[in-house]
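Take a look at the letters that make up each chain.
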Amino acid sequence: MKIRLVLIIILSNVFLSLYPQIVNLKPLSERITGYKLDVRLNPDKKTVTGDMQAFWVNRSADTVPDIRLHLYMNAFRSNRTTMYREMGGSPGNDEKDLGWIEINSFSDKNGADLIPRMQYISPDDGNRDDRTVLRVLLPQPAMPGDTVIINVNFETKLPSRIRRTGYSGDFYFVAQWFPKFGVYEPAGMRYASKGGWNCHQFHATSEFYSNHSVYDVRITLPASHVVGSGGMLISEKADGNMKTVTYRAEDIVDFAWTAWPGYAVFNDKWKNVNITLLMPKDRVKQAGRQLSSVKHALEYLDMNVGPYPWPHLTFVDPPNIGAGAGGMEYTTLFTSSSSYFVPPFFHMPEMVTVHEFGHAYFMGMLASNEFEEPWLDEGVNSYWEEKIMDTYYGNNSGLIDHRFLKFSDVSSARVSYVTSPSRQLVSNNEYSWNYPHGTYGMMSYQKTAIWLHTLEGIIGTETMNNVFREYYRRWAFKHPSGRDFINVVNDVVRKEHGQEFGPDMNWFFDQTLYGTGICDYKVSGIVNSKYSKPEGKTDTADAEVRAWSSTDSLYISKAQLERVGEVKLPVDVLIHFDNGDEVLERWDGKERYKDFEYKGYKQIVWVKIDPEYKIKMDVDYVNNSMTTEPSKAPLHRIANKIMTFTQFFLSIMLL
Amino acid sequence: MKISGSLRSGFMWTLNAKNSILIVWFCIFILVLVFVFPLRRSLTTAFGASMITGKLADGINIEAFTDLGPAFKSIMSFFTAGLMFTFLAGFLLNSFLTAGLFGNVRKDSVKCSSSEFFGMCAGNFGAFLLISLLITLIIGIAFLFIIVVPAAIVSLSETVSDKSQFVTMVIAGSVFLLLLPVMLLVADYSRAFKAANEDASAFSAIGKGFSFAFSNFRESYMMMLLLILAQVILGVIVMLLLPGWRPVTGGGVFLLLIVSQLLFILRLFLKTWRYASVTSMMNEIEAGNTRTIDKMEL
């Protein structure tokens, strides 16, 4: 076994030496896969054709008989593909509408033709019309340490209706466009009990899972087109009406690029990171907003999670004709979304930019399996997006900051979760395409973010930041699973809080990530009753009580609490008395009901469960508090304003 | 001369019609109260003794409302249904009351009692309702063709840039806003004519409305722009004052109610000034026409 390991390391290093460092000083990842692509964009046929040389290193101890490749573009081949069956609709009837990828030649390093050994498979649903996964039986099985090299000539037709990828007029966003290795998972990696390829089909609601790779990409295209990609520009050579650009990208999980003559290019810098923004020329007024938001995200994640390791970053604000490409991430390239005029109080473009950039961390560096655990990238990333937005754009105004209406980003996520009628339909731990009744977005984005905020409320912000710093330290440029994340939480919480929350935090994840229950705590009553004087034959021996009972102002006050939901979380309870005293109680939240009782010369005026609103999972904040002196003034004010504005509305609308 | 004279006499006639304006305010107040009072009760019941209302101290808090769950959905459905009902009832009521206002601001020193006012309202209600319906329909069709259709075309186009879309919408909106005073002039002249000529039918009044609007277009349009400007200034004041005013005590809320109702009465005054000025302008046009005919006869 040791010999094998040594062999693997030697062979890997030999192979890696073929790919010298250009972008970073040293490799950031294992680089199990790598790609050299030399392609040409045909603007008339809307195709990208060319050659690819790629390698996969068998770092496992298994003998692997085959390789598996994603051919994502085949999802646009017909309305019978898995993506369109799940999504409904059709890519279109015309040839120009369709997207596909054809393999013209496929050989190994010895030149052996592998086309007869190719087979389209559908590991997820058995759909024979879906050609998004290709299995190739190797002439000789790959032994531990072997490097499988393939040479492929392919033609990719881009679809006209952009869904992340495609073209519109002379706008191109070219993603999921080349044959791409799946991830070989040996036994013990993530949830694998035995070695095998993890290579899922292209689904309507799933994203991707890949090894960190090195990309050397040459693209020949019309000289008029401005190009952006996730790589670093190495060279650009013009040849008549055409030009050839060469890019190098290291340790990223996907390579995408865009080309359009209408782009304006903006450059900026944050520390050592060169930032490039491509956006339509008529949106130049939005450039400042976009660039400052990405720098906020860089700063915040660098400070609280870990460093952004690449010296370059490109992001694209696609034109309206390419809006379908907006809001997607390819690690060092991502797409945002805005328009010619967005009111300054509305922070949606900034939010999209912060979110998509955040994916450079959550699935870019921490390369989880988006097919199988979408919460681990989308949910975790949404959590950080909300923290960044509310930090830089106002605690109550991260999303909307108008003097008439303020709305924080975290509130937006919570409202989405709280108001969803399907919030208890399934657990948060499903394969992305298994979320029923359209719950994928709410469950994987919002619910996850909300229980992460809740976790932060329980363990504290600094501990939460340390959880992510440790998660980054252990798992950056690897493939963490949800279980790995939970282990990090357990270790950090145990280290910082001892046994305060029990031996581990599994009780939390069992209820939130793996459970379907809701959290709802309620103040059901406030009782202030006068202590009655002992009458009749009583054995009361409490002298103090006898002394109190001689007055009329002794009260027994009770705060009556209920756990309405299934989820049991520890909560703070703040009780305020009429003499100004306040008591902060801690309730473990396990019982169905709980009374806090006090004897003394004071009455309870109000009770608040979770007074600082830390438990974002609580689906009803209205019943979290109760007062004996309710203030109706805010509601009356709102009603008055509704009346006035209705009067003005009628007066304006009616002649 | 015509503009300032019409505005001046219109203003004086409006002052004389202050009792009628207060009657209009009271009727609209009662109508809206029928909608808002149950809404207020629903809100106070839904929030109960919760202290979440403290979050509303800084304005509308979406989270506080959505946390009401099913109660929020009930309140929203009541709100939308109530608003629609109020609008429809308001349309009828406005046609009714406007007939009284136009009758009241027809000439100098018409001080009418409430029974006289309601008599004028009832006398011309049908014709005013028809005029309002037709002019509203014309405005709706204009909105459809000037704003909705261009917006749909540019948003569906693959070749129109963001900026072009924005500019198209700004131009469309501007054209519509420039057209709006014309439609208001037609509506006001029609109603002023009908108020002055009880025997005229609604359709002939609309015909006269178009005739008056275009026979003296420049003065009429400029006067209407000035009157609209006065209403816009009031609108800006209202938007600056009311949304940001967030009293937290019962006394403060009552003061807000008083101030907002005074502003609404001012709004009614300005609207009545519009009616009166257009009526005055119509009188001048008619007088001019009469003088011309007299001269021709001489």
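Calculation rules
Residues numbered from 1 in each chain as written. Chains lettered and ligands numbered in written order. Predicted model: local features only at pLDDT ≥ 70, side-chain atom pairs only at ≥ 80, totals over all residues. Heavy atoms only, no water. Helix = DSSP H or I, 4+ residues; strand = E, 2+ residues; numbered from the N terminus. Buried < 20%, exposed > 50% of the residue type's maximum accessible area, 1.4 Å probe, protein only. Contact = heavy atoms within 4.5 Å. Areas by Shrake-Rupley, 256 points an atom, 1.4 Å probe, with all protein chains shown as cover. Lys, Arg positive; Asp, Glu negative; His and termini not counted. Charge placed at Lys NZ, Arg CZ, Asp CG, Glu CD. Domains from an automatic or database assignment. Buried area = accessible area lost by both parts, 1.4 Å probe. Salt bridge = Lys/Arg side-chain N within 4 Å of Asp/Glu carboxyl O. Axes fitted to C-alpha atoms, helices over the stretch in contact; angles between N-to-C directions. Parallel < 35°, antiparallel > 145°, perpendicular 65-115°, else oblique. Nonpolar A, V, L, I, M, F, W, Y, C, P; charged D, E, K, R; others polar. Polar contact = N/O pair within 3.5 Å; in protein donor to acceptor, adjacent residues only side chain to side chain. Pairing = 2+ DSSP bridges.

### Points about the overall build of chain A
Here is step 1: Across its full length, chain A carries 13 helices and 31 strands.
Here is step 2: For chain A, the residues scored as buried account for 60% of the 655 residues in total.
Here is step 3: Looking at chain A alone, contacts between residues at least 24 apart form 71% of all its contacts between residues at least 6 apart.
Here is step 4: Accessible area for chain A stands at about 25000 Å²; split by element, carbon and sulfur atoms hold 51% of it.
Here is step 5: Where the 70 positive side-chain charges of chain A centre and where its 78 negative ones centre are 2 Å apart.

### With respect to the domain arrangement of chain A
How big an interface is tends to be stated in terms of the accessible area lost upon association of its parts.
Residue and element names in this part refer to chain A.
Here is step 1: Segmenting chain A into domains produces domain 1 (1–261), domain 2 (400–512) and domain 3 (521–630).
Here is step 2: The distance between the C-alpha centroids of domain 2 and domain 3 comes to 31 Å.
Here is step 3: Of the residues lining the interface, 18 residues belong to domain 2; the matching set on domain 3 comes to 14 residues.
Here is step 4: Taken together, both faces of the contact between domain 2 and domain 3 bury some 1300 Å²; the carbon and sulfur share is 64%.

### Regarding the pattern of salt bridges
Residue and element names in this part refer to chain A.
Here is step 1: Under the counting rule described, the total for this entry stands at 36 salt bridges over all chains.
Here is step 2: In this structure, the salt-bridge partner of D491 is R474, at a minimum N-O distance of 2.9 Å. In this pair, D491 is assigned in helix α10 (residues 482–497) and R474 in helix α9 (residues 461–475), connecting sequence segments 17 residues apart.
Here is step 3: Classification of R474 by relative accessible area gives partly exposed; the value is 27%.
Here is step 4: A salt bridge links R494 to D491, with the shortest nitrogen-to-oxygen separation between them at 3.3 Å. Of this pair, R494 and D491 both sit in helix α10, three residues apart, roughly one helical turn.
Here is step 5: Each of R31, D216, R248, E250 and D251 takes part in a single network of salt bridges with overlapping partners.

### Considerations on the packing of helix α6 (residues 378–392) of chain A against helix α7 (residues 409–418) of chain A
Residue and element names in this part refer to chain A.
Here is step 1: The geometry of α6 relative to α7 is characterised by a closest axis approach of 7 Å and an angle of 140° between their N-to-C directions. Classed by the angle they form, the pair α6 and α7 counts as oblique. Residues E385, E386, M389 and D390 of α6 pack against D409, V410 and A413 of α7.
Here is step 2: Here the contact of α6 with α7 is built from residues that sort into three nonpolar, no polar and four charged.

### Structural notes on unusual backbone geometry
Residues and elements named next belong to chain A.
Here is step 1: Phi at R164 takes a positive value of approximately 70°, unusual for a residue other than glycine.
Here is step 2: Classification of R164 as buried rests on a relative accessible area of 12%.
Here is step 3: Within the chain, D251 stands out as a residue other than glycine whose phi angle is a positive 65°.
Here is step 4: Structurally, D251 is set in strand β16 (residues 242–252).
Here is step 5: A relative accessible area of 0% means that D251 is categorised as buried.

### Quick look at the interface of chain B and chain A
Here is step 1: Each partner contributes residues to the interface: chain B has 77 residues there, and chain A has 54 residues.
Here is step 2: Considering only the surface of chain B that becomes buried against chain A, M51(B), D67(B) and D162(B) emerge as the three largest contributors, covering 13% of it.
Here is step 3: For the pair chain B and chain A, the number of links is three salt bridges.
Here is step 4: Across the pair R283(A) and D162(B) runs a salt bridge whose closest N-O atoms are separated by 2.2 Å.
Here is step 5: Joining chain B to chain A, the criterion identifies 30 residue pairs in polar contact (both at pLDDT 80 or more).
Here is step 6: At the level of elements, α2 (18–47), α3 (62–66), α4 (70–104), α5 (114–156), α6 (162–196), α8 (217–241) and α9 (250–297) of chain B are the ones that each hand at least two residues to the side of chain B that touches chain A.
Here is step 7: Tallying contributions element by element places α2(B) first for the side of chain B that touches chain A, with 14 residues.
Here is step 8: Split by residue class, the side of chain B that touches chain A holds 45 nonpolar, 20 polar and twelve charged.

### Structural notes on the sheet that holds strand β17 (residues 257–260) of chain A
Residues and elements named next belong to chain A.
Here is step 1: Reading across the sheet, the four strands line up as β8-β9-β17-β14 and stay open at both edges, with antiparallel pairing between neighbours. Bordering the open sheet on either side are β8 (166–168) and β14 (226–229), each of which pairs with just one other strand. The average angle at which neighbouring strand axes cross in this sheet is 10°, direction not considered.
Here is step 2: Both strand β9 (residues 171–174) and β17 contribute to a ladder of three bridges, which runs antiparallel. Looking at the pairing, Y172 lines up with A259 of β17.

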